[in-house]
Amino acid sequence: MISVVIPLYNKEQSIVSTLQTVLKQTYQNFEIVIVNDGSTDHSVEEVKRILDPRIRLIHQKNAGVSAARNRGIEEAQGEYIAFLDADDEWKPDYLKTQHELTLKYPECSVYSCNYEFKDAQGKVTPTVIRKFPFKGENGILSNYFEVASCSNPPLWTSAVMVKKVAVQSVGGFPVDIKSGEDLLTWVKLAVNEKIAFSKQTLAVYHIRNEASRSLSDLRKTAPKDLRNTNDKVGLELQCIYKSCHDRIQKKRLSLYIAFWYKMRASINLKLEYRYAAIRCASKSLSYNYRSIKPYIIILIALSCPRLIIKKIIK
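Below you will find a few notes about this structure. (Residues numbered from 1 in each chain as written. Predicted model: local features only at pLDDT ≥ 70, side-chain atom pairs only at ≥ 80, totals over all residues. Heavy atoms only, no water.)

**Here's the deal with the packing of helix H9 (residues 232-243) against helix H10 (residues 247-270)**
The contact between H9 and H10 brings their axes to 10 Å, and the two run at 170°. On the basis of their axis angle, the class for H9 and H10 is roughly antiparallel. In contact with Val 233, Gly 234, Leu 235, Leu 237, Gln 238, Ile 240, Tyr 241 and Lys 242 of H9, H10 contributes Lys 250, Leu 253, Ser 254, Tyr 256, Ile 257, Trp 260 and Tyr 261. Taken together, the residues of the contact of H9 with H10 break down into ten nonpolar, three polar and two charged. (Axes fitted to C-alpha atoms, helices over the stretch in contact; angles between N-to-C directions. Helix = DSSP H or I, 4+ residues; strand = E, 2+ residues; numbered from the N terminus. Parallel < 35°, antiparallel > 145°, perpendicular 65-115°, else oblique. Contact = heavy atoms within 4.5 Å. Nonpolar A, V, L, I, M, F, W, Y, C, P; charged D, E, K, R; others polar.)

**So, the side chain of Asn 70**
With respect to the helices and strands, the residue Asn 70 is situated in helix H3 (residues 65-75). Among the polar contacts listed, one links the side chain of Asn 70 to the backbone oxygen of Phe 173, at a separation of 2.8 Å. With sequence-adjacent residues up to four places away left out, Asn 70 is seen in contact with Gly 172, Phe 173 and Val 175. (Polar contact = N/O pair within 3.5 Å; in protein donor to acceptor, adjacent residues only side chain to side chain.)

**Points about the nonpolar core**
Residues Phe 83, Tyr 144, Val 162, Trp 186, Val 187, Leu 237 and Tyr 256 are the most contacted members of the largest nonpolar core, which totals 43 residues. Each residue touching Val 187, except ones within four places of it in the same chain, is listed here: Phe 145, Leu 237, Ile 240, Leu 253 and Tyr 256. Within the second largest apolar cluster, 36 residues are counted, among which are Ile 34, Leu 101, Cys 108 and Leu 202. (Core = buried A, V, L, I, M, F, W, Y, C linked by side-chain atoms within 4.5 Å. Buried < 20%, exposed > 50% of the residue type's maximum accessible area, 1.4 Å probe, protein only.)

**Some details on the pattern of salt bridges**
Pairing between side chains becomes possible if they bear opposite charge and their charged atoms approach one another. Following the criterion strictly, the structure yields 14 salt bridges and no others. A salt bridge links Arg 56 to Glu 75; its shortest N-O distance comes to 3.9 Å. A residue pair is termed long-range when its members are at least 10 positions apart, and Arg 56 in strand S3 (residues 55-60) and Glu 75 in helix H3 qualify at 19 residues. Residue classification places Arg 56 among the partly exposed residues on the basis of a relative accessible area of 22%. Salt bridges here are not isolated pairs; linked through shared partners, they connect Glu 31, Arg 56, Arg 71 and Glu 75. (Salt bridge = Lys/Arg side-chain N within 4 Å of Asp/Glu carboxyl O.)

**Details of the packing of aromatic side chains**
For the coordinates displayed, the defined rule picks out 16 aromatic pairs. For the pair Tyr 144 and Phe 145, a centre-to-centre distance of 5.2 Å together with 75° between the ring planes defines the contact as edge-to-face. For the pair Tyr 144 and Phe 145, a shared accessibility class is recorded, and that class is buried. The rings of Tyr 115, Phe 117, Trp 156 and Tyr 205 are connected pair by pair, giving a single aromatic cluster. If you follow Arg 227 out to its NZ or CZ, it ends over the ring of Tyr 273, 4.1 Å from the centre. In this arrangement the basic side chain of Lys 250 is found over the ring face of Tyr 241, its NZ or CZ atom lying 4.9 Å from the centre. (Phe/Tyr/Trp six-rings, centres within 6.5 Å; stacked < 30°, edge-to-face > 60°. Lys NZ or Arg CZ within 6 Å of the ring centre and 35° of its normal.)

**Some thoughts on the state of the cysteines**
Under the counting rule described, the total for this entry stands at zero disulfides. With no disulfide of its own, Cys 150 lies closest to Cys 244 among cysteine sulfurs, the gap being 19 Å. The thiol of Cys 244 is unpaired, and the distance to the nearest cysteine sulfur, on Cys 239, comes to 13 Å. (Disulfide = S-S within 2.5 Å.)

**Things to note about the pairing of strand S6 (residues 110-118)**
Counting buried residues along S6, eight of its nine residues qualify, which places the element largely inside the surrounding structure. One ladder, built from three bridges, connects S6 with strand S9 (residues 160-163); its direction is antiparallel. Residue pairing for S9: Ser 112 is matched across the bridge by Val 160. In this sheet, strand S10 (residues 195-206) lies alongside S6 in parallel orientation, the contact comprising nine bridges. (Pairing = 2+ DSSP bridges.)

**So, the side chain of Lys 163**
Structurally, Lys 163 is set in strand S9. Buried and unpaired, Lys 163 has no salt bridge, with Glu 79 as the nearest side chain of opposite charge at 5.1 Å. Of the polar contacts made by the side chain of Lys 163, one reaches the backbone oxygen of Cys 108; its length is 3.4 Å. Ignoring any residue separated from it by four or fewer positions in sequence, one finds Lys 163 in contact with Glu 79, Tyr 80, Pro 106, Cys 108, Ser 109 and Tyr 111. (Lys, Arg positive; Asp, Glu negative; His and termini not counted.)

**So, the packing of helix H7 (residues 181-192) against H9**
Running from amino to carboxyl end, H7 crosses H9 at an angle of 5°, the nearest separation of the two axes being 11 Å. Between H7 and H9, the interaxial angle falls into the category roughly parallel. Contacts between H7 and H9 involve Leu 183, Leu 184, Val 187, Lys 188 and Val 191 from the first element and Val 233, Glu 236, Leu 237 and Ile 240 from the second.

Set out below in structure tokens:
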């Protein structure tokens, strides 16, 4: 059986439609574990409207999405856990495809499929995932860090299913990190476990329209440690890197850490934090000096006027 774990916090507008995409799956051997993380709106009432014995609603005080997922993992009765956020959705064959991956690749502990983005206006954008190590429709993603360093994330929470024992063995999701917490979980699993991947696009990531938000609003919602190269995710990635003894895996992980800081440098430049952009770009180069983009970010941050930076980013 598959346990579908859904953390719930103030999603009354979307939780019913999200649940319907689970209930309409062509594969029906599942339970749904919804962890209400202290919602203050009508989310719980919306869930209770759906009368299905496979739905279990668990309540806890607000502790964050990681704590909610971890509670769901503990409560799950299935061997496999499929994560789904309360405002995302699955296409009808999602669980069927994930189940088929478990049968075809029993040596794996992580199962994932492709996904797409949908904005508030309903516009759908496909992912860009490069350097697959296999040619068919599915296979083992043996070079996770290499793929993740040049693509959209190949593992995204609402498109991942894991063996319960595997995710528990890496400690679940870190509760002391507010941004990038799931990224660390996937990294730990990628180091220790094998990943099966289907190229079929079977999950939908609903995104907010950031383009209309002001610079001040974007700054307010940015992670507090964005301008710091000693961020919690980055430091944890470096610890994983130091403890890795596989030469090939370590090389790929260094590219991934470089990618992480390059991404932070780009965001800092967008938010007009010039010196933070330079620091993060320099940190990126310390793990991969051959990457061109960090040099460009440093050059722009040092020499370009504000209006020119805005045009470049746009």
